[in-house]
Amino acid sequence: MATVLSMKEPKETKKIRWKDLGLSSAQLIDFYKRMLLIRRFEERAAQEYGKSKIGGFCHLYIGQEAVGVGAIEALREDDYIFSAYRDHGHALARGMDPKVIMAELFGKFTGCSKGMGGSMHMFDASKNFMGGYGIVGGHIPLAAGTAFGSKYLGKDSVTICFFGEAAANQGVFHETLNLAALWKLPVVFICENNRYGMGTAVERAHAVWDIYQKASAYDMKRGWFDGMDVIESYRAVKAAVDHARQSNEPTLLEARTYRFRGHSMSDPIHGHYRTKEEVEEQKKSDPVPRFGEELLHAGILTQKAVDDMEAEIKTIVNQAVEFADQSPEPPADFLRENVYS
Ligand SMILES: Cc1ncc(C[n+]2csc(CCOP(=O)(O)OP(=O)(O)O)c2C)c(N)n1
Ligand SMILES: [Mg+2]
């Protein structure tokens, strides 16, 4: 039997820390703050779900924050972002208003999709945040669409597209990679390999466990990075985005990450598909405290600054919940809006 895929392997990549990337202290603090905001926002969303303030599907991004923050920080404002259904973190990383995101979760009219979309349908055209999709892999060709549009119009904006590793087994993933390589589209595909598609482990579903190698069939640039490390995420995505901008060439990146919560709010944290010990082991690499400790150690953050940040974020999240709670439901006649026939 083949060896079981380990999150810790391969480890040979030399870590390039921020000094090599020209990041300022303010940017590094912003990375941490965004990850912390996502973490606290989603912890609160889980509580509100428990109180039935949020209904329907709700997939948390807890554990994967470093991927979204590192990747989105590598973008310009005119670049496009596509996400799947674990999208609150990406929306917050892009700077969407936490109030509007929470209101969407609550199904309120003040939400970014007027309360008609819910957790899986975050959207903000003003930030080129193109959603939020519930069909596994369904959004991957849409990302090729905006990339094609940029190239066709002679603009140098790049599209990035997040999806899970299970989506890389969908036919549409392969069809899109083929066209993106053939047509040389400025798109970076970011596969967030959190090791499970619902309760199915990578090694039970994929013939090739190094997801990034699937791009070799299309002679596409490819690579993997430590998705539990925000600096590594930034470094890898920045390089791929810069390359796409300069050469119109796509890249497939595999972020090796881990989801700490259940697949969705209706699922248990470990279920029968993974052990409590495995989850605890992975939490030793929790991207949020890991980076916080690094910044404290480097003297970029002080404990007082961290405490102040926690307090500020608590207020932001409280205000988001208050706003969502007090907002109106969509009016009944709005049901007919955006319906084709
Ligand atoms: C086309 C399609 N098939 C099945 C489902 C049901 N489903 C929802 S999430 C999911 C697993 C996807 O896992 P992955 O792509 O690894 O993303 P993750 O949830 O780990 O972020 C499945 C099978 C779906 N939403 N769409
Ligand atoms: Mg997965």
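Residues numbered from 1 in each chain as written. Chains lettered and ligands numbered in written order. Predicted model: local features only at pLDDT ≥ 70, side-chain atom pairs only at ≥ 80, totals over all residues.

Glancing now at the overall build of the protein chain. In terms of helices and strands, the protein chain carries 11 helices and 7 strands. A compact globule built from 341 residues would reach a C-alpha radius of gyration of about 20 Å, and the protein chain, at 19 Å, matches this within 12%. Here the C-alpha coordinates of the protein chain stretch approximately 55 × 50 × 45 Å along the principal axes. Every one of the 341 residues in the protein chain was classed for burial, and the buried ones make up 45%. Intrachain contacts of the protein chain at a sequence separation of at least 6 include 74% that bridge at least 24 residues. (Helix = DSSP H or I, 4+ residues; strand = E, 2+ residues; numbered from the N terminus. Rg over C-alpha atoms; globule rule 2.2 N^0.38 Å. Buried ≥ 20, exposed ≤ 12 C-beta atoms within 10 Å, placed from the backbone. Contact = placed C-beta atoms within 7 Å.)

A few words on the nonpolar core. Core analysis: the biggest nonpolar cluster contains 90 residues, and V188, I190, V237 and L253 have the highest contact counts within it. Per element, the largest residue contribution to this core is 9 residues, and it comes from helix α1 (residues 25–50). If sequence neighbours within four positions are ignored, L253 has contacts with V188, F189, I190, C191, Y212, G223, F225, A236, V237 and A240. (Core = buried A, V, L, I, M, F, W, Y, C linked by C-beta atoms within 7 Å.)

A separate point is the site of ligand 1. Every one of the 14 residues lining ligand 1 counts as a neighbour, but V136, G164, A166, A167 and G197 are closest to it. Of all elements in the fold, only β2 (159–164) and β4 (196–197) reach the threshold of two or more residues within the shell around ligand 1. When its residues are assigned to classes, the shell around ligand 1 shows 7 nonpolar, 5 polar and 2 charged. (Near = placed C-beta within 6 Å. Nonpolar A, V, L, I, M, F, W, Y, C, P; charged D, E, K, R; others polar.)

Our focus in this paragraph is the pairing of β2. With 6 of 6 residues buried, β2 lies mostly within the body of the structure. Handedness of the β2-helix α6 (residues 171–182)-strand β3 (residues 187–193) crossover: right-handed. (Right-handed = clockwise from strand over helix to strand, strands pointing away.)

In this structure, the amide linkage connecting G131 to the following residue, G132, adopts the cis form with an omega of 25°. Inspection of the secondary structure assignment puts G132 in the loop between α4 (98–105) and α5 (140–152). Within the chain, S52 stands out as a residue other than glycine whose phi angle is a positive 65°. With 7 C-beta atoms counted inside 10 Å, the residue S52 sits in the exposed group.

With that out of the way, let us pick up the sheet that holds strand β6 (residues 221–226). Sheet architecture is open: 5 strands sit in the order β1-β2-β3-β7-β6, paired in parallel fashion. Across the chains shown, the open sheet's two edge strands, defined by having one partner strand only, are β1 (80–82) and β6. Averaged over all neighbouring strand pairs, the angle between strand axes comes to 20°, with direction disregarded. Of the pairings in the sheet, the one linking β2 to β3 comprises 6 bridges and is parallel in character. From the neighbouring strand, T159 faces β3, where its bridge partner is V187. (Pairing = 2+ DSSP bridges. Axes fitted to C-alpha atoms, helices over the stretch in contact; angles between N-to-C directions.)

Before going further, it helps to spend a moment on α5. Given 3.6 residues per turn, any residue in an α-helix points the same way as the ones three and four places further on. For α5, spanning 13 residues, the distance from its first C-alpha to its last is 19 Å, which sits close to the expected 18 Å at 1.5 Å a residue. Taken together, the buried positions of α5 are occupied by I140, A143, A144, T146, A147 and S150. Buried positions in α5, seen along its axis, are confined to an arc of 160° and lie on one side of it. The inward-facing, buried residues of α5 contact β1, β2, α6 and β3. (Expected span 1.5 Å × (residues − 1). Arc of directions from axis to C-beta.)

Further remarks concern helix α11 (residues 303–326). For α11, built from 24 residues, the straight-helix expectation of 34 Å at 1.5 Å per residue is met to within 8% by its first-to-last C-alpha distance of 35 Å. Within α11, burial applies to V317, A320, V321 and A324. Packed against the buried residues of α11 are α1 and α4.

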